[in-house]
Amino acid sequence: MTRPATLLSDAPVTSNAPYDVERVRQDFPILTRLVHERKGRPGKPLVYLDNAASAQKPRAVIDAMSGLLERDYANVHRGVHFLSQRSTDLYEATRDKVAKLLNAPSRENIVFTRNATEAFNLVAQSWGRTFLKTGDVVLLSYMEHHANIVPWQLLRDQTGIRIEVVPVLDDGSLDLDAYEKALKTLAVKLVAITHSSNVLGTVNPVRQMARLAHEHGATVLFDGSQAVVHRPVDVQAIDADLYVFTAHKLYGPTGIGVLYGKKAVLDAMPPYQGGGDMISTVTFEKTTFREAPYRFEAGTPPIIEGVGLGAAIDYVTALGLDAIQAHEQRLLAYATERLREIEGLRIIGTAPEKAAIISFTIDGIHPHDIGTFVDRAGVAVRVGRHCAEPLMDRFGVGATCRASFGLYNTEAEADALVEAVKATKAFFG
Amino acid sequence: MFDDLRDLYQEVILDHGKNPRNFGKPDGFNRTARGDNPMCGDKITVYLTLGSDGRIADVRFDGRGCAISQASASLMTEMLKGKEPKEAEALFGAFHDMCTKDEEEWTDHGPLDEEAMDKLQVLSGVREFPMRVKCATLAWHTMNAALHGDPVASTENAGF
Ligand SMILES: Cc1ncc(COP(=O)(O)O)c(C=O)c1O
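Cut-offs used in this document
- Residues numbered from 1 in each chain as written.
- Chains lettered and ligands numbered in written order.
- Predicted model: local features only at pLDDT ≥ 70, side-chain atom pairs only at ≥ 80, totals over all residues.
- Heavy atoms only, no water.
- Pairing = 2+ DSSP bridges.
- Helix = DSSP H or I, 4+ residues; strand = E, 2+ residues; numbered from the N terminus.
- Axes fitted to C-alpha atoms, helices over the stretch in contact; angles between N-to-C directions.
- Near = heavy atom within 4 Å.
- Polar contact = N/O pair within 3.5 Å; in protein donor to acceptor, adjacent residues only side chain to side chain.
- Nonpolar A, V, L, I, M, F, W, Y, C, P; charged D, E, K, R; others polar.
- Contact = heavy atoms within 4.5 Å.
- Buried area = accessible area lost by both parts, 1.4 Å probe.
- Salt bridge = Lys/Arg side-chain N within 4 Å of Asp/Glu carboxyl O.

Draft legend 1. Summary view of the sheet that holds strand 17 (residues 400-404) of chain A. All names here are of chain A. The antiparallel open sheet is built from 4 strands, whose spatial order is 13-14-17-16. At either margin of the open sheet sits one strand with a lone partner, and together these are strand 13 (345-348) and strand 16 (382-384). Taken pair by pair, the neighbouring strands of this sheet meet at an average axis angle of 30 degrees, ignoring direction. One ladder, built from 3 bridges, connects strand 16 with strand 17; its direction is antiparallel. Note on strand 17: the bridge partner recorded for Arg382 is Arg402.

Draft legend 2. The arrangement of the site of the ligand in detail. Residue and element names in this part refer to chain A. For the ligand, the full set of nearby residues is Asn115, Ala116, Thr117, His145, Asn198, Asp223, Ser225, Gln226, Thr246, His248 and Lys249. Contact between the ligand and His248: an oxygen atom at 2.8 Å from a side-chain N or O atom of the residue. For the shell around the ligand, the class distribution of residues is 1 nonpolar, 8 polar and 2 charged.

Draft legend 3. Structural context of the interface of chain B and chain A. Residue-level contacts link 26 residues of chain B with 24 residues of chain A. Of the roughly 2,000 Å² buried between chain B and chain A on both sides combined, carbon and sulfur atoms contribute 57%. At the surface where chain B touches chain A, the tally comes to 3 salt bridges. Between Lys43 of chain B and Glu389 of chain A there is a salt bridge, and its shortest N-O distance comes to 3.4 Å. At the boundary of chain B with chain A, the tally comes to 9 residue pairs in polar contact (both at pLDDT 80 or more). Contributions of two or more residues to the side of chain B that touches chain A are made by helix 1 (11-18), strand 1 (31-37), strand 2 (42-50) and helix 2 (67-80) of chain B. For the side of chain B that touches chain A, the per-class residue count stands at 15 nonpolar, 3 polar and 8 charged.

Draft legend 4. Examining the environment of Leu90 of chain A more closely. By secondary structure assignment, the location of Leu90 of chain A is in helix 3 (residues 82-102). Once the C-alpha coordinates of Leu90 of chain A and Gly308 of chain A are considered, the two residues, 218 residues apart in sequence, prove to be 9.9 Å apart.

Structure representation (structure tokens):
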């Protein structure tokens, strides 16, 4: 196996060639497999439309991780020997890549966590416990993932903060009037809202929201888990104080996530967990901690995953997030139009600005049944509540089917989904 | 395209799924529990009316879920009327085995209503679909919780 040459170099320059999705698909080994193979019956080609839950990995990510294990692996930050240095360089290079991806001012703004969920818990327990007191308001929205709800409820039970929730309009847009009103009338100290909804696809106007929040003295935290995967993100242009995402949805591995923080914000935050790697000196009387971001990274970090994330960022930046976005927007428009052919199909989330995520229900057929049927046709979608139960309640549905598109999906795959849904409808009569 | 789904979605299931029997909250029930399948969002409530003789005088349910869970609940309500709680539990145990284990591994749950077990066969197809076992057994877990006076049954805690 050849080791990817780009591991330590800067991300390759974006090309201006037209987006060649068939070429892109060849980079993802899993996309050639068949599913539901049985004796005497060929399988179905995989149509993977569950990217919002987790994306598949390109060869470059797989090779970077196994390449590290085969040639360069050792613990990081603590050895003088050759491999430890090598491993540290490879792992820490990812911090630069993330900073570049988000247009963060510096690598020091980037904290590695286990996933997005841990980043939220980190902010709640470190920043929240330090800066929020009884009665202070944390402003969420109805379209939050449970990962951005439950940590605040835990904090509420510990400190008596208040949680307020911005409503969502019928088309799936955030109710910006209500947002502004909340900032004006409530003691909002923190806005913690998603950049893009994992169920509705809605992309929120985060720049405007950050500006309004700052005018009212609130700190802003955005959940970028479904945003960084679909579009270029610039945390400085947005003026986010804190920004979170998770690597496995960005074609990288599980086990690593990112918390971006402005320097002043991170510097003011106490450690979240204690242990090795995050300290300067330790005696039994007193321990001093390292500066941010290292202060928040206790213990041996996800080294292999970190290198995988670096390769994933190289991969998407080489394709170009603009190009990915344009491709996915074409797919979104096409799939939306085709799904609308189906009588009784209701799309939940029709905001003007959307990522390539389509949630839908069909009169008379439960999403769970639809999921089982389309799966038999090889089409992988998510069914259920999508870790967003309050949003399901808001739209009066117990569950939805969700097709979420990624950089390797095609119009033919959207057709496969539509045909499978039509056949399901025919079965149920 | 869906040939091998016909075992799971037999006519009886489609029929009960579309037109569930004993659906809706009754007056005068004296035991109830809510069942929740957090994975797929199915939610049902089972209402039991225990008569003065200790037998199940009436069973009804409401809530929403997939065809499998609705059909299972509907079939259940049809077969529990007039049974003693012990008989209902035995049926639950045997049905649970049917959905989750090979026949050699089924355990003895005491005397069974064989006719009811025959009817429940239509749901045995879920054994090939591990993700759907909870759908088929949710109503039964909920009924069992109601019998024992637990307000909530969750398939997450059901120990599959
Ligand atoms: C919008 C959003 N936020 C947060 C998460 C949580 O990500 P993770 O489970 O990797 O922490 C997800 C994914 O499930 C998501 O879609």
